[in-house]
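Each chain, written out:
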Amino acid sequence: MIVGTSDGIGLALTRRLLADGWRVVGVSRSPGRIEHAGYQHVQCDVASDGYVDRLTGICADLGVVDLCVYCAGIGEGFDPEDLTAEGRVFAVNLAGAVSTVQVVGASMVAQGVGHFVGLSSMADRLVSGASPSYSASKAGLSSYLRSLAFALRPAGVYVTNIRFGFVDTKMAKSPIKPMMISADQAAGVVLRCLKRRPIQVSYPKRMAWLVAMFGWLGTLRVLFGRVSFGRAS
Ligand SMILES: NC(=O)c1ccc[n+]([C@@H]2O[C@H](COP(=O)([O-])OP(=O)(O)OC[C@H]3O[C@@H](n4cnc5c(N)ncnc54)[C@H](OP(=O)(O)O)[C@@H]3O)[C@@H](O)[C@H]2O)c1
């Protein structure tokens with residue numbers, strides 16, 4: 001099952017899995033873009049009220065879900081004049097993943113086997129005025145998946161958190177995109193994780209170091225912000 005399969009990394013991954021002989025069920029709001037005997041598309045919004053029931057029905061029909069990759073995600077630039085998008089980013093990037101675990105994870109636990117992969121981001125380390133909801137929702141997702149990996153392992157279920165830098169899709173809106181990889185390269189990273197099933201992968205590694213450095217700079221800015229606030233008051 002690939003959640004967020006109509007575009008970007010999810011689409012590239014679905015194509016690679018189908019070529020490797022997997023049967024794939026894809027979920028997204030848009031109609032499916034793949035015509036293949038092994039592919040079934042479900043049009044659904046992960047942030048809608050009916051999502052959990054819909055997913056429960058799909059899992060019951062499938063019987064066994066070996067792999068679920070949560071690729072659905074959105075990122076909105078911050079607009080102080082309109083904060084309505086903030087909640088939606090958390091609903092899709094974080095709550096949607098938790099709802100998916102609630103249903104698919106339960107099905108995998110009942111099977112005693114399975115692999116849940118979530119696409120997070122290196123932005124999970126950033127203090128970002130440009131997109132607070134994106135970095136915070138990804139921080140929540142990374143933290144959740146890392147802990148979930150330990151919680152579900154005794155039940156036979158593997159969990160992997162993948163942190164990408166820039167990937168060449170419509171999601172990558174920054175004017176500067178160092179070390180950007182293609183959606184197909186990103187799909188290749190996910191496929192390699194299916195063999196080793198690590199708890200976390202950050203790719204590209206050099207980008208992860210760079211972002212970690214910016215993360216520390218952001219922490220310093222927060223600390224200095226606190227100091228000057230303390231002095232002023
Ligand atoms: N591109 C990057 O630079 C980058 C870097 C790090 C991490 N990531 C993460 O990788 C994941 C995939 O990103 P991408 O670059 O492939 O983005 P993308 O090209 O924009 O694709 C996002 C996918 O999520 C689906 N989606 C969005 N909202 C949804 C909703 N409410 N319900 C169901 N499906 C929904 C979209 O389909 P519909 O619009 O049809 O619903 C689409 O298939 C995201 O979680 C993103 O945060 C991306």
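Heads up: the structure comes first, above all this text.
Residues numbered from 1 in each chain as written. Predicted model: local features only at pLDDT ≥ 70, side-chain atom pairs only at ≥ 80, totals over all residues. Heavy atoms only, no water.

1. Let's talk about the overall build of the protein
Condition: Strands are runs of DSSP state E lasting at least two residues, helices are runs of H or I lasting at least four, and both sets are numbered from the N terminus onward. Here the radius of gyration uses the C-alpha set of atoms, whereas the globule reference equals 2.2 Å times the residue count to the power 0.38.
A tally of regular secondary structure across the protein gives 6 helices and 7 strands. Secondary structure elements of the protein occur, N-terminal to C-terminal, as β-α-β-β-α-β-α-β-α-β-α-β-α. Taken over the C-alpha trace, the protein has a radius of gyration of 18 Å; the compact-globule value for 233 residues is 17 Å, and the two agree within 12%. Each of the three principal axes of the protein carries a C-alpha extent, and together these read 65 × 40 × 30 Å.

2. Digging into the packing of helix H1 (residues 8–19) against helix H5 (residues 183–196)
Rules: Angles here are taken between N-to-C directions and fall from 0 to 180 degrees, while the axes themselves are lines fitted to C-alpha atoms, restricted in helices to the stretch in contact. Roughly parallel means an angle under 35 degrees; roughly antiparallel means over 145; roughly perpendicular covers 65 to 115; every other angle is labelled oblique. What makes a crossing left-handed is the near helix being turned counterclockwise from the far one by less than a right angle; a clockwise turn instead makes it right-handed. The contact criterion used throughout is that any non-hydrogen atoms of two residues lie within 4.5 Å. Residue classes follow a fixed rule: Ala, Val, Leu, Ile, Met, Phe, Trp, Tyr, Cys and Pro count as nonpolar, while Asp, Glu, Lys and Arg count as charged, and any other residue, Gly among them, counts as polar.
For the pair H1 and H5, the least separation of the axes is 8 Å and the interaxial angle reads 60 degrees. Regarding the angle of H1 to H5, the classification is oblique. Classified by chirality, the crossing of H5 by H1 is right-handed. Taken together, the residues of H5 that come into contact with H1 (itself represented by Gly 8, Ile 9, Ala 12, Leu 13, Arg 16 and Leu 17) are Ala 183, Asp 184, Ala 186, Ala 187, Gly 188, Val 190, Leu 191 and Leu 194. Residues belonging to the contact of H1 with H5 are distributed by class as follows: 10 nonpolar, 2 polar and 2 charged.

3. Some words on helix H2 (residues 51–62)
Stated precisely, the cut-off is as follows: An expected span of 1.5 Å times one less than the residue number is assigned to each helix. Each residue is assigned to one of three classes by its accessible area relative to the maximum for its type, calculated with a 1.4 Å probe on protein chains only: buried under 20%, partly exposed between the two thresholds, exposed over 50%. For this quantity, the arc is that covered by the directions from the helix axis to the C-beta atoms.
With 12 residues, H2 ought to run about 16 Å at 1.5 Å a step, and its terminal C-alpha atoms sit 16 Å apart, in line with that. Taken residue by residue, H2 has Tyr 51, Leu 55, Ile 58 and Cys 59 as its buried positions. Projection of H2 onto a plane perpendicular to its axis shows the buried side chains occupying an angular sector of 100 degrees, all on one side. For H2, the exposed residues set more than 90 degrees away from the buried face come down to Asp 53, Ala 60 and Asp 61.

4. Comments concerning a nonpolar patch on the surface
Rule in force here: Each patch is built from residues that are more than 30% exposed by relative accessible area and take part in no salt bridge. Like charges join if they lie within 9 Å; nonpolar side chains (Val, Leu, Ile, Met, Phe, Trp, Tyr) join within 5 Å. Here the Shrake-Rupley method, with its probe set to 1.4 Å, supplies the accessible areas, and only the displayed protein chains count as covering residues. Any carboxyl oxygen of Asp or Glu within 4 Å of a side-chain nitrogen of Lys or Arg constitutes a salt bridge here.
Taken together, the side chains of Leu 126, Met 179, Leu 210, Met 213, Phe 214, Leu 217, Leu 220, Leu 223 and Phe 224 define a hydrophobic patch exposed on the protein surface, amounting to about 800 Å² of accessible area. Tracing the backbone through its elements, the reader meets Phe 214 in helix H6 (residues 205–232). Given a relative accessible area of 45%, Phe 214 falls into the partly exposed group.

5. Brief notes about the site of the ligand
Note the threshold: Near is defined per residue: the residue qualifies when any heavy atom it owns lies within 4 Å of the molecule or strand. Any pair of nitrogen or oxygen atoms within 3.5 Å is treated as a polar contact; in protein, a donor-acceptor pairing is required on top of that, and neighbouring residues in sequence qualify only through side-chain atoms on both sides.
Taken together, 31 residues surround the ligand, and among them Ile 9, Ser 30, Tyr 134, Gly 165 and Thr 169 come closest. Contacts to the ligand include Gly 8, whose backbone N or O atom sits 3.5 Å from an oxygen atom. Protein contact buries 96% of the 880 Å² of open area that the ligand shows by itself. If you list the elements that add at least two residues to the shell around the ligand, you get H1, helix H3 (84–111), strand S5 (114–121) and helix H4 (132–152).

6. Structural notes on the sheet that holds strand S6 (residues 157–164)
As a general point, the strands of a sheet are linked pairwise by backbone hydrogen bonds and lie either parallel or antiparallel. Inclusion rule: Paired strands, in this sense, are two strands between which DSSP finds at least two bridges.
Strand order in the open sheet made by the 7 strands is S3-S2-S1-S4-S5-S6-S7, with parallel pairing throughout. Edge strands, defined here as strands with exactly one partner in the open sheet, are strand S3 (39–43) and strand S7 (200–203). For strand S2 (residues 24–28) and S3, the ladder comprises 5 bridges, and the chain directions are parallel. Looking across to S3, one finds that Ser 28 is bridged to Gln 43. Seen against the sheet, H3 touches strand S1 (2–3), strand S4 (67–70), S5 and S6 and runs at an angle of roughly 175 degrees to S4. Strand contacts of H4: S5, S6 and S7, with the helix running at about 155 degrees to S6, the strand carrying the most contacts.

7. Some words on the pairing of S5
With 8 of 8 residues buried, S5 lies mostly within the body of the structure. Here S5 shows a buried face lined by Gly 114, Phe 116, Gly 118 and Ser 120 and a second buried face lined by His 115, Val 117, Leu 119 and Ser 121. Relative to S5, S4 runs parallel, the two being bridged by 4 bridges. Looking across to S5, one finds that Val 69 is bridged to Val 117. Direction of pairing for S5 relative to S6: parallel, over a ladder of 8 bridges. Considered in S6, the bridge of Ser 120 is made with Arg 163.

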